[in-house]
Structure formats: structure tokens, C-alpha cells
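# Structural features, examined
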Amino acid sequence: MKNAFEIQGGKKLKGEIIPQGAKNEALQIISAVLLTGEKMTISNIPDIQDVNKLIELLGDMGVEVNRISRDTATFEAKEIDQDFFNSEAFKTKGGGLRGSIMILGPLLARFGSASIPKPGGDKIGRRRLDTHFLGFEKLGARFDFNPENGFYNVDASNLQGTYILLDEASVTGTANIVMAAVLAKGTTTIYNAACEPYLQQLCKMLNRMGAKISGIGSNLLTIEGVTELHGTEHRMLPDMIEIGSFIGLAAMTGSEITIKDVHYDELGMIPDVFKRLGIQLERRGDDIYIPSQDHYEIDTFIDGSLLTVADAPWPGFTPDLLSIVLVVATQAKGSVLIHQKMFESRLFFVDKLLDMGANIILCDPHRATVIGLDKQIQLRGISMTSPDIRAGVSLLIAALSAQGQSTIYNIEQIERGYQNIDERLRALGADIKRV
């Protein structure tokens, strides 16, 4: 298994690239097939490890999965093997996949009970699951953690609609509670609900299946419980994190790139944040065109003070793109403060950028000030290890812009979120190979 990328940096790239389907949407949508025994057809599925593992897990449970094409599959969850949930196989597969928590809501709604191993996932600080569990408890589920086998056993034989004020606007938490509530008795109101496009997509699909969800796109969702859901077809949005990554890649490498079929209206403030870093980009139909640019200058606030880019729940800026913004800022003219509020160790990859010659002050685990080099000094290639998906891609972008050779190890982390990234970059002219 070749598990490192070797990159010769400093080359300008050129061409068109198509973003994959949205990973964060896929984990919710594919879990939702468990809500009905009828056929579901899902397209624009990203071919990445986390999603493929979830599909494999559904197959092990008894869901009939048929791949129609590389990015389209049908799912029929007629018969589910309930014994599988107490097996070692489920513990191994479910425990190693953070997305496996998303099957809990649908299983509780449709079958009234479930067991789930304590989930794993990225090392980016504490990522609590309280929001999911508190929401299920409000709906009437009872949890029992068995420390001997490491499983949560959940009894949800009598889910009742209720008022839920979420302690945080968690995307996966909101999605899981919505999926549990669609088949509960009575009306559920979720306040401080996440309203990301992924979640809007899930709610629209559930409504096509026969659910009654109103308030989609706002932070107040009202769900009238129904007795059953039916099959439907659904197409995923393109992955906005990939789109942002490609904008950053174009700017850092001075490349002329067109990103195709981006669903521009669903990108929120992502294009504007990159524009504030001085990156020229234009909307052409549903594509984003980025011209080759030798310099880009970071905006200041109106009073001339230092620009701050911070993450916030949607429609704020997504935390998944802050590491990309940080890397892109290293070659801008000007300075910016990056404030990563949501995760406490997402900025710990800056030591690699410092080794490459970037000018960054890590203020604390949540904040870093980047003093741009204005492309006067090129980053230099080094050997490094990817700590998590988003940092991995940020380091990959840095390596593509750097002088000389870089080697990135632990690329499984990158491949959990980005399909065939090396092939797609080579098609733009990048010098990247697996070693």
C-alpha cells in the first residue's frame, strides 16, 4: 500500500476540475435509507473511504445495495439483521467510523431500539456526542452504556414529539434528531437547529419520502410525525469544502482554474471570504473561474484594523475551510487573524508550515496570526505527516506551491475526505505521485 504523496512544487496548474459529492451530506443521506423498506436511489455519491465504509456497514446489516454507476447506487432496507448490532464485526466497523453515529436516529425511529459502539474519528480535539443523545432522550429514548463491551444500548419503543432546544447547533446532531423525529408520535420542534445546506438537503429528501418538516433553512424546525416513509431519488450537492480548497489551490500556485458545477447559491459566504483575501474569482453560470494571479492582498476592516476570519454555525463560515484560509494567507500580501472557535487542535499543523518558511504566530490553540509573504519568498518543500483530513489537504496545497520536493505521509487521512485527489490534480498538471 503506497501511503505517501511525493510532490514537486512550484508548478502553475491549468484546467477544469469537478468537485465530488458532499461528504458531510452523504453520511446523513445514506443513513436515512434505513427509514424505509422501499427503494432509494442516491447519486453524486463521493467515492471516499468514510462513505464507502458506511455503505459497506449498511450492507452488513442487510440493506440491499446495488451500484448502478461509479457515483450512483440504490438501497433497499427491507430486512435489517438486528443481531448484527451486538456483534464484534459491528463494533470494529462502527467504532472506527465516526459517521456510524448517523445510523442511530433512523434505527430508533423505525425499529424502536439500537445498539452502537462508542464512535471514533478525527483527532481534532473533543467532539462530543451529547447533542445527539440529549435529543433522543427528549424524544423518549432511554440509554444504557455497557462498559464491559463498550456499547450504548438504546430503547426507543415509544418516541413522542416534543420541544427540543439544542445545546449547540450541531449539524450531525440536528440531522440525527430530525431522522428520529420524522416517525415519532406528535409534533417535534427543534430550536437552535443547524441549517447548513447538507441539512436542508436531508429535510427536503425526507419530505419527498412523506415526512412533514417545515422551517427548512432556518434554525427552527417543526416536524409532524408520520407513520411511514417511502422511497425516492436524491442527488447530493457538490462538496463546498473541496470547492474552497480548489479556490485556495489556484491562488497559492498562481493557476488559472475553472471549478465546474459548484451550486454557487449554496456556497454561502465561502466565495466572499476568499475575495477578502484578495483572490479574484468570478461566477460563470454555475462555475467559478479563477484567473492566474501573481499577487493577492488581504483586506482590512473598514477602520483599517486587522482582518479576522472566524468560523461560525451556518450561514457563518465553515470551520472545515479555516485551515485552507490559513495556508492561502501565508502567500498573501498583508496579515490576518484566524480564529478557530469550534475545534481546539485544528491549528496544530502550523508547525509544518513554519518548517516550510511561513510567517505565523500561533497565539493559542484557537488563534493564529498569519503575516503574508506576498509570494516574495516561496515556501520550501519538506517531509511531513497529515494530522487530519482538512490539515492534510492544506499541507498538500502548501506543498504544491512550495519550492522543491515535499513528502506527505499518512495520506489515508486525506483520502477519507477527497476522492482520487492525486489523479485529479495530475489532470491539472500537478507533479504528484504515490510512493
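First, a word on scope: everything that follows refers to the structure included in this document.

Conventions we followed
- Residues numbered from 1 in each chain as written.
- Predicted model: local features only at pLDDT ≥ 70, side-chain atom pairs only at ≥ 80, totals over all residues.
- Heavy atoms only, no water.
- Buried < 20%, exposed > 50% of the residue type's maximum accessible area, 1.4 Å probe, protein only.
- Helix = DSSP H or I, 4+ residues; strand = E, 2+ residues; numbered from the N terminus.
- Pairing = 2+ DSSP bridges.
- Axes fitted to C-alpha atoms, helices over the stretch in contact; angles between N-to-C directions.
- Parallel < 35°, antiparallel > 145°, perpendicular 65-115°, else oblique.
- Contact = heavy atoms within 4.5 Å.
- Nonpolar A, V, L, I, M, F, W, Y, C, P; charged D, E, K, R; others polar.
- Disulfide = S-S within 2.5 Å.
- Core = buried A, V, L, I, M, F, W, Y, C linked by side-chain atoms within 4.5 Å.
- Phe/Tyr/Trp six-rings, centres within 6.5 Å; stacked < 30°, edge-to-face > 60°.
- Lys NZ or Arg CZ within 6 Å of the ring centre and 35° of its normal.

### With respect to the pairing of strand β16 (residues 287-290)
In β16, alternate side chains face the same way, and those of Asp287 and Tyr289 on one face and Ile288 and Ile290 on the other are all buried. Looking at chain direction, strand β15 (residues 282-284) and β16 are connected through three bridges and run antiparallel. Note on β16: the bridge partner recorded for Arg283 is Ile288. Counting the residues between successive antiparallel strands, the hairpin from β15 to β16 contains two residues, one of them, Gly285, with a positive phi of roughly 65 degrees.

### Description of the packing of helix α6 (residues 171-181) against helix α7 (residues 197-208)
Following both chains from N to C, one finds α6 and α7 inclined at 10 degrees, their axes separated by 10 Å at the closest point. Compared by their axis directions, α6 and α7 come out roughly parallel. Contacts from Val171, Thr174, Ala175, Val178 and Met179 of α6 reach α7 at Leu199, Leu202, Cys203 and Leu206. Class assignment of the residues belonging to the contact of α6 with α7 gives a composition of eight nonpolar, one polar and no charged.

### Let's talk about the state of the cysteines
Evaluated as defined, the whole model comprises zero disulfides. With no disulfide of its own, Cys195 has Cys203 as its nearest cysteine by sulfur position, at a separation of 10 Å. Residue Cys195 is classed as buried on the basis of its relative accessible area of 10%.

### Re unusual backbone geometry
Between Trp314 and the following residue, Pro315, the backbone shows a cis peptide bond with an omega angle of 10 degrees. Along the polypeptide, Pro315 turns up in the loop between β17 (307-310) and α10 (322-329). The backbone of Asn420 sits at a positive phi, close to 40 degrees, despite the residue not being glycine. As for its placement among the helices and strands, Asn420 is situated in the loop between α13 (412-415) and α14 (421-426). With a relative accessible area of 22%, Asn420 lands in the partly exposed category.

### Considering the nonpolar core
Proteins that are soluble and globular tend to have nonpolar side chains buried together. Judged by nonpolar contacts, the single largest core of 78 residues is most densely connected at Ile259, Phe274, Ile279, Ile288, Leu326 and Leu353. When sequence neighbours within four positions are dropped, the list of residues in contact with Leu353 reads Leu326, Val327, Ala358, Ile360, Leu395 and Ala398. Counting residues in hydrophobic clusters, the runner-up holds 72 residues, among them Leu27, Leu58, Tyr152 and Ala175.

### Looking at the packing of aromatic side chains
A ring pair, where both rings are aromatic, is described by two values, the distance of the centres and the angle of the planes. Counted under the stated rule, the structure contains six aromatic pairs. Considering the side-chain rings of Phe90 and Phe151, the 6.3 Å spacing of their centres and the 35 degrees angle between planes classify their relative orientation as tilted. One end of the pair, Phe90, is in helix α3 (residues 88-95); the other, Phe151, is in strand β8 (residues 151-155), with 61 residues separating them in the sequence. Accessibility classification places Phe90 together with Phe151 in one group, the buried group. By the ring-pair criterion, three or more aromatic residues cluster together here, those being Phe84, Phe85, Phe90 and Phe151. Against the face of Tyr289 rests Arg284, its NZ or CZ located 3.8 Å from the ring centre.

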